[in-house]
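Single-letter residue listing:
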Amino acid sequence: MLRRPESVPTESTRLAAVIGDPITHSMSPKLHNAAFTALGLDWMYVACQVPKGQGGMAVSQMRQQGFEGLSVTMPHKAEAASAVDQLSTSASRLGVVNCVRREGDQLIGENTDGLGFVQALRSEMSLDPNDLRVIILGAGGAARAVALALVDNGAHVGVVNRSPKPARELVEIAGSQSSVAGADDIGHADLIVNATSLGMNDDDPLPMDLDHLADNHVIADLIYSPKQTALLRAAEDRGLPNMNGLGMLLHQAGEQFRLWTGLEPPIKSMAEAVGLNLE
Ligand code: NAP
């Protein structure tokens, strides 16, 4: 459906939104509106502040409120999984939803985070996950999504986490090509992924001991604000290939766009909208 020339929303404009709390920092409106504009679609994407505990209600109301698609961010990802009618395979294994699409009157919960990471790895680092030895630091929601997608694409994943229980649970979900690992295993990896929240604040400790870094390592950090964490700075200083979390954010949004519209996402326009240079 093409947007009316004056770009003013009308009764035929299709709506999509992100729900979260807080939501003001979200880059999702920039990403999705850039995609709609690039393809001349009569769609509009808005950010909705939905307080904790009301995410499930917001999801189930999307039919009445006329939303075609929802992105779901913290703290509503688990609640959204309970509010939809069906879950995709990855959302069901993860137990969390970052995207809801409509199929007729049915709400389908999806999770595009892991695929977003794998696509970023391929396009930014030219790395194929097949047979890659990966250490993931962290075992929270993002670590789970990334670990499952990497294992599904043939990688061998070791999980290093401060608390043993979430690491064991992650490995149970990800299956036999994953294991709970320790700091001593980091040296044997090809790729190290920081999926902890350490690095978001200036005074955070490093998520790993830098003595474990080796010349063959590629470093990925899921954090995109700040653009360069202390871990990525250390990688850069040692001349190691590295990427931050902006590519994952971009590609998970691209997959959401594809699910809602059935169209190939205009990744270049979306990247430009958030200052990511794909050259
Ligand atoms: P989460 O579920 O809260 O998990 C946080 C993880 O960090 C846990 O493994 C936790 O370990 C670990 N951690 C926290 N504080 C720690 C500390 N002081 N020492 C050691 N480990 C610590 O968070 P999440 O949703 O997975 O998000 C993790 C990061 O990924 C965040 O920075 C988020 O911004 C980023 N992210 C990026 C994208 C993207 O598109 N690029 C998408 C999602 C998330 P314990 O289990 O021991 O508590």
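Quick note: structure is the one above.
Predicted model only: the values in this text are computed from it and were never measured.

Caption draft 1: How the structure looks around the sheet that holds strand β12 (residues 242-243). With respect to topology, 6 strands assemble into an open sheet ordered β9-β8-β7-β10-β11-β12, the strand pairing being parallel. The outermost strands of the open sheet, each flanked by one partner alone, are β9 (178-180) and β12. One ladder, built from 3 bridges, connects strand β8 (residues 156-160) with β9; its direction is parallel. Its bridge partner being in β9, V157 is matched across the sheet by S178.

Caption draft 2: Structural detail: the sheet that holds strand β2 (residues 43-49). The mixed open sheet is built from 6 strands, whose spatial order is β2-β1-β3-β5-β6-β4. Looking at the sheet topology across the chains shown, the edges are occupied by β2 and β4 (86-87). Across 3 bridges, the pairing between strand β3 (residues 67-72) and strand β5 (residues 99-103) is antiparallel. Counterpart to L70 in the pairing with β5 is V100. Strand contacts of helix α1 (residues 28-38): β1 (14-20), β2 and β3, with the helix running at about 170 degrees to β2, the strand carrying the most contacts. With respect to the sheet, helix α9 (residues 246-261) is in contact with β1, β2, β3, β5 and β6 (106-110), its orientation differing from that of β5 by roughly 10 degrees.

Caption draft 3: Representation of the environment of G239 in the model. Looking at the element boundaries, G239 is found in the loop between α8 (230-237) and β12. Each C-alpha atom, one on G239 and one on G53, is 45 Å from the other, the two residues being 186 residues apart in sequence.

Caption draft 4: Structural context of the site of the ligand. Among the 20 residues in the neighbourhood of the ligand, the closest are listed as A139, A142, N161, R162 and S163. G141 places a polar main-chain atom, nitrogen or oxygen, 3.1 Å from an oxygen atom of the ligand. Within the backbone of A142, one N or O atom sits 2.8 Å away from an oxygen atom of the ligand. In isolation the ligand has 920 Å² of accessible area, and contact with the protein removes 73% of it. Listing elements by their share of the shell around the ligand, those giving two or more residues are α6 (141-152) and α9. Residues belonging to the shell around the ligand are distributed by class as follows: 11 nonpolar, 8 polar and 1 charged.

So, how was this worked out
- Residues numbered from 1 in each chain as written.
- Predicted model: local features only at pLDDT ≥ 70, side-chain atom pairs only at ≥ 80, totals over all residues.
- Heavy atoms only, no water.
- Pairing = 2+ DSSP bridges.
- Helix = DSSP H or I, 4+ residues; strand = E, 2+ residues; numbered from the N terminus.
- Contact = heavy atoms within 4.5 Å.
- Axes fitted to C-alpha atoms, helices over the stretch in contact; angles between N-to-C directions.
- Near = heavy atom within 4 Å.
- Polar contact = N/O pair within 3.5 Å; in protein donor to acceptor, adjacent residues only side chain to side chain.
- Areas by Shrake-Rupley, 256 points an atom, 1.4 Å probe, with all protein chains shown as cover.
- Nonpolar A, V, L, I, M, F, W, Y, C, P; charged D, E, K, R; others polar.

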